[in-house]
2 protein chains.
Amino acid sequence: MKIERFEQNPIITPKDVPPSRNDFEVVGTFNAGVTRFNGKIMLLMRVAERPIEKKQDEELAPILNHQTGQIEYFKVPHNHPDLEIPDSRVFFYKKNTYLTSISHLRIATSSDGINFNVEPVPAVFPQTRYETFGLEDPRITLIENTYYITCKVVSDLGIATSLITTSDFKNFKRHGIIFCPENIDVVIFPEKINGLFYALTRPVPRSLGSLGIWIASSPDMINWGRHKCLMSPRAGMYDSARLGASCVPIKTARGWLEIYHAADENNRYCLAACLLDIEDPSKVIAYSNEPLMQPQADYEINGFFGNVIFSCGATVDDEIITIYYGAADCVIAGAKVKITDILNHLEKV
Amino acid sequence: MKIERFEQNPIITPKDVPPSRNDFEVVGTFNAGVTRFNGKIMLLMRVAERPIEKKQDEELAPILNHQTGQIEYFKVPHNHPDLEIPDSRVFFYKKNTYLTSISHLRIATSSDGINFNVEPVPAVFPQTRYETFGLEDPRITLIENTYYITCKVVSDLGIATSLITTSDFKNFKRHGIIFCPENIDVVIFPEKINGLFYALTRPVPRSLGSLGIWIASSPDMINWGRHKCLMSPRAGMYDSARLGASCVPIKTARGWLEIYHAADENNRYCLAACLLDIEDPSKVIAYSNEPLMQPQADYEINGFFGNVIFSCGATVDDEIITIYYGAADCVIAGAKVKITDILNHLEKV
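Residues numbered from 1 in each chain as written. Chains lettered and ligands numbered in written order. Predicted model: local features only at pLDDT ≥ 70, side-chain atom pairs only at ≥ 80, totals over all residues. Heavy atoms only, no water.

Side note on the overall build of chain A
Heads up, the condition is: Each helix corresponds to a stretch of at least 4 residues labelled H or I by DSSP, and each strand to a stretch of at least 2 residues labelled E; elements are numbered beginning at the N terminus. A simple rule labels every residue: compare its accessible area, found with a 1.4 Å probe on the protein chains alone, to the largest value its type can have, and call it buried under 20%, exposed over 50%, or partly exposed in between. Throughout, a residue-residue contact means that at least one pair of heavy atoms, one from each residue, lies within 4.5 Å.
Helix and strand counts for chain A come out as two helices and 27 strands. With the principal axes as the frame, chain A shows a C-alpha extent of 55 × 45 × 40 Å. By the burial criterion, 62% of the 349 residues in chain A qualify as buried. Contacts spanning at least 24 positions in sequence make up 51% of the contacts within chain A whose residues lie at least 6 apart.

Structure, rendered in structure tokens:
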């Protein structure tokens, strides 16, 4: 499998992104939804920020007060007996989980797909009761002049997926939660199939079941049903812990080509691919027994949360897919791969 | 609050229910959906069974092989180091969860609401890939001659809610999963509100969020969206651990009256009630600061899993609600309460 990383990688880093407030710092710009708009390549990036005032001897969670629209700080000193810090992204205090940063969505555009202009202000900022811990990991699907953005919304009420639409990337309309907690990595197919919209989802159950990719259908994008399990983690393999859809499925002569992410028990996130039946995408035809792409560059191994390649989108030009991906939950990078190379790499189910 | 338990309680016990196979024993008949059909009161009971051959020194999980339609046994000896037994209902082996019984749905009918005739064979038996660990806790909503049954489906793929419809309680049609893992305690409202169907749901998230009651709406019963959180557990109270809808909401002059269940950290399950806005049921008007009903009778305290009152349905006659409930995950009991008494017991939000 020949994957060509951009020589210029990483192409966008936190220092390229002005914070939303002077007293904030950007700790990560990653996991960007990708589309084409007005002749340019557009990234809708997840930008994670935290207050500069955070001290070395405390944990701090920036949380939206959705009634005032202000971000408030929840702080716990490091020597508190009820504090637990599993990794750089979260901390646990008493029975509750907090995030160390709050994410919004920010636009970056490019004519060549490599050099991007980052907009100075957020495109979509946390606002509702369900977004008090942030907006994360958008995917963009263009259908008939409307851009459908699925977005992970995080709050103390849970992690769910909301739908946002836009036609101009200036005015964004929220349509509420389309997949209730806990469900993430939702990617909508780029056209109706036999009269229905389809989405890949990643339920996160508590009691029974593993972290696999599911599929659902909808007559109207707002209401979803007919949930089915597509693929589950495989013990002892690169995808032993979890899988989730990454890019908008690409229509090929052999089926829907989906580039997804997969992680093992060590939280090492790779990219993989599968092929779904063109008429019934709940049927998996083929998939990756080896990762398509795994962390190896320095910017993929070291960062806010290392050993992560996580894509939320790609562009397609004839036979070439350009995958944009968050590396180490910190920066954005790109890589090119031929569709035929991916198809040849897949193994029949 | 005056709750009158039936003098005849418990009204249905495992010995009243013939097993589905000669080599099975019924360990529980409980959590019954309730409706009226052909002039009688009908319970659609959850019947939990296990093989008689289970030995004292092993754990045994009966599991449907959905390809053959046969139930197979997964056994682990008690001295196995990877076995963990948290309670009588489940065991953990390696990283997986197993149930010690498998449930199907069984009809019982009555003219007086107290003396029931139990059908000799199952009405709905586990059949699909998503039902290999059983079918549980049905709720029945009658709308225009169709009975809509929401049902917890359990398998190694997760715990989800499926929709089944019937008009005669002989032919049942499965409509697939309407709420993907993990989501239980789904109850559909008995009429459309402003053109949409509504359901109460109980998402079970893993990472963030508590076990509260949510609401969703649907144009067609199959596809659901606009998920919102209604009520969450309250620390230090009888509902500190989890809440879930129990009965089909009852339309009153003051709003939709919902009888729900609530448990604390000790898994003590009580019944409570809330009142939802008649035009917008995502608005909670009032609810119970004290339980409506809590385990106190012997059959509620001792059983397959004790200290549980768990209802899946009720009948309404003018001003009287007759609540049918599973007691101690083992038997079915009944109790009567006046609607006005419940309304007077509720406190404004």
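Focus: the sheet that holds strand 7 (residues 90-93) of chain B
All names here are of chain B. Stated precisely, the cut-off is as follows: Two strands form a pair only when DSSP identifies at least two bridges running between them. Under this scheme, a helix contributes an axis fitted over its contacting stretch, all axes are lines through C-alpha atoms, and angles between N-to-C directions fall in the 0 to 180 degree range.
Across the sheet, which stays open at both edges, the three strands sit in the order 6-7-8 with antiparallel pairing between neighbours. Each edge of the open sheet carries a strand with a single partner, namely strand 6 (83-87) and strand 8 (96-99). On average, adjacent strands in this sheet sit at an angle of 25° to one another, irrespective of strand direction. The pairing of strand 6 with strand 7 spans three bridges and is antiparallel. Across the sheet, residue E84 finds its bridge partner in strand 7, namely F92.

Some remarks on the relation of the copies chain B and chain A
The cut-off we apply is this: A least-squares superposition brings the copies together, and it is based on the C-alpha atoms of residues with pLDDT no lower than 70 in both.
Superposing chain B onto chain A takes a rotation of 180° plus a shift of 0.0 Å along the axis, which leaves an RMSD of 0.0 Å. Taken together, the rotation and translation describe the operation of a two-fold axis. Taken as a fraction of all interface residues of chain B, those also at the interface in chain A reach 100%, which identifies the copy contact as same-surface.

Overview of the side chain of E136(A)
Residues and elements named next belong to chain A. Inclusion rule: Contacts described as polar in this section are N or O atom pairs within 3.5 Å, which, within protein, must combine one atom able to donate a hydrogen with one able to accept it, while residues neighboring in sequence count only if both atoms come from side chains.
The topology assignment puts E136 in strand 11 (residues 134-143). Note on E136: relative accessible area 4%, which makes it buried. Side chain to side chain, E136 and R46 meet in a polar contact 3.3 Å long.

Observations regarding the interface of chain B and chain A
The condition that has to hold: Note on terms: buried area is the combined drop in 1.4 Å-probe accessible area of two parts once they are placed together, counting the loss on both. Throughout this description, the term salt bridge denotes a Lys or Arg side-chain nitrogen within 4 Å of a carboxyl oxygen of Asp or Glu.
At the interface, 42 residues of chain B touch 42 residues of chain A. Overall, the association of chain B and chain A removes approximately 3,300 Å² of surface from exposure, summing both partners, and the carbon and sulfur fraction of that is 56%. It is R206(B), L208(B) and H227(B) in chain B that bury the most area against chain A; as a group they hold 21% of the surface buried on that side. In this assembly, chain B and chain A are joined by two salt bridges. Here E265(B) ties to K95(A) by a salt bridge, and the two come within 3.6 Å at their closest N and O atoms. Listed by contribution, the elements that provide at least two residues to the side of chain B that touches chain A are strand 12 (146-155), strand 13 (158-166), strand 14 (173-179), strand 17 (213-218) and strand 18 (225-231) of chain B. Sorting elements by how many residues they give to the side of chain B that touches chain A places strand 18 of chain B first, with five residues.

Points about the pairing of strand 23 (residues 284-287) of chain A
Residue and element names in this part refer to chain A. Bridge count for strand 22 (residues 269-276) against strand 23 is three bridges, and the pairing is antiparallel. Bridging from a neighbouring strand, L276 pairs with V284 of strand 23. In this structure, strand 23 lies alongside strand 27 (residues 347-348), joined through two bridges in antiparallel fashion. Following the sheet pairing, Y287 is matched in strand 27 by E347.

Focus on the side chain of N31(A)
Residues and elements named next belong to chain A. With respect to the helices and strands, N31 occurs in strand 2 (residues 24-37). Separated by 3.0 Å, the side chains of N31 and D137 make a polar contact. In this view, N31 contacts L44, R46, D137, P138, F310, C312 and G326; residues no more than four positions away in its chain are not counted.

A word on the packing of aromatic side chains
Worth spelling out the cut-off: Centres within 6.5 Å make a pair out of two Phe, Tyr or Trp rings, where for Trp the six-membered ring is used; the pair is then stacked when the planes are under 30 degrees apart, edge-to-face when over 60, and tilted otherwise. Note on geometry: a ring has a charge over it if NZ (lysine) or CZ (arginine) is within 6 Å of the ring centre and within 35 degrees of the ring normal.
Evaluation of the coordinates by the stated rule reveals 30 aromatic pairs over all chains. Their ring planes at 80° and their centres at 5.8 Å tell us that F37(B) and Y147(B) sit as a pair that is edge-to-face. Of this pair, F37(B) sits in strand 2 (residues 24-37) while Y147(B) sits in strand 12, and the two are 110 residues apart along the sequence. The two residues F37(B) and Y147(B) agree in class, both being buried. Ring centres of F116(B) and Y324(B) lie 5.9 Å apart, and the angle between their planes is 90°; on these two criteria the pair is classed as edge-to-face. Here Y324(B) lies in strand 25 (residues 320-327) and F116(B) lies in the loop between strand 9 (102-110) and strand 10 (117-118), a separation of 208 residues in the sequence. By way of ring pairs, the aromatic residues F74(A), F91(A), Y93(A), Y98(A) and F133(A) are connected into one cluster. Its end group placed over the ring of F305(B), R89(B) keeps NZ or CZ at 3.6 Å from the ring centre.

Some words on the pattern of salt bridges
Following the criterion strictly, the structure yields 36 salt bridges over all chains and no others. The shortest N-O distance in the salt bridge between D317(B) and R36(B) comes to 2.8 Å. Placement of the pair is D317(B) in strand 24 (residues 309-317) and R36(B) in strand 2, with a sequence separation of 281 residues. With relative accessibility at 36%, the residue D317(B) sits in the partly exposed group. Residues D239(B) and R234(B) are paired through a salt bridge, measuring 2.8 Å at the closest nitrogen-oxygen approach. Neither residue differs from the other here; D239(B) and R234(B) are each classed as buried. Salt bridges sharing common partners tie together R46(A), E136(A), D137(A) and K152(A).

As for the state of the cysteines
Throughout this description, disulfide means a covalent bond between two cysteine sulfur atoms. Convention followed: By disulfide we mean two sulfur atoms from cysteines, separated by a distance within 2.5 Å.
All told, the structure shown has zero disulfides over all chains when counted by the stated rule. Distance from the sulfur of C247(A), which forms no disulfide, to the nearest cysteine sulfur (C312(A)) is 8.1 Å. Of all cysteine sulfurs in the structure, the one in C247(B) sits closest to C274(B), which takes part in no disulfide; the separation is 11 Å.

A look at the pairing of strand 4 (residues 58-65) of chain A
Walk down a regular strand and you will see the side chains alternate between the two sheet faces. Residue and element names in this part refer to chain A. Judged by how many residues are buried, strand 4 sits mostly within the fold: eight of eight residues are covered. Side chains E58, L60, P62 and L64 of strand 4 all project onto a buried face; the interleaved residues E59, A61, I63 and N65 project onto the opposite face, where all are buried too. Here strand 4 pairs with strand 5 (residues 70-77) via eight bridges, running antiparallel. The partner of I63 across the bridge, within strand 5, is E72. Here strand 4 folds back onto strand 5 in antiparallel fashion, the turn holding four residues, of which G69 has a positive phi close to 80°.

Quick notes on the sheet that holds strand 8 (residues 96-99) of chain A
Residue and element names in this part refer to chain A. Spatial ordering of the open sheet is given by 6-7-8, a layout of three strands whose pairing is antiparallel. Every interior strand has two partners, whereas the edge strands, strand 6 (83-87) and strand 8, have only one. Between one strand axis and the next, the sheet turns through 25° on average, direction left out of account.

Regarding a positive patch on the surface
So the rule is basically this: Patch definition: residues with relative accessible area over 30% and no salt bridge; like charges joined within 9 Å; nonpolar side chains (Val, Leu, Ile, Met, Phe, Trp, Tyr) joined within 5 Å. To measure how exposed things are, a 1.4 Å probe is used in the Shrake-Rupley method; for residues, cover is taken only from the protein chains shown. Charged residues are defined narrowly, with Lys and Arg counted positive, Asp and Glu counted negative, and His plus the chain ends left uncounted. Where a charge lies is defined by one atom per residue type, namely NZ (Lys), CZ (Arg), CG (Asp) and CD (Glu).
Judged by side-chain charge, K173(A), R226(B), K228(B) and K283(B) come together as a positively charged surface patch. For K173(A), the location among the structural elements is in strand 14 (residues 173-179). Judged by relative accessible area, which is 53%, K173(A) ranks as exposed.

Concerning the environment of E182(A)
With respect to the element layout, E182(A) can be found in the loop between strand 14 and strand 15 (183-188). Classification of E182(A) by relative accessible area gives buried; the value is 2%. Remark: the alpha-carbon pair of E182(A) and V204(A), spanning 22 residues in sequence, is separated by 5.2 Å. Not counting chain neighbours up to four residues away, the residues in contact with E182(A) comprise I159(A), R202(A), P203(A), V204(A), P205(B), R206(B), S207(B) and L208(B).

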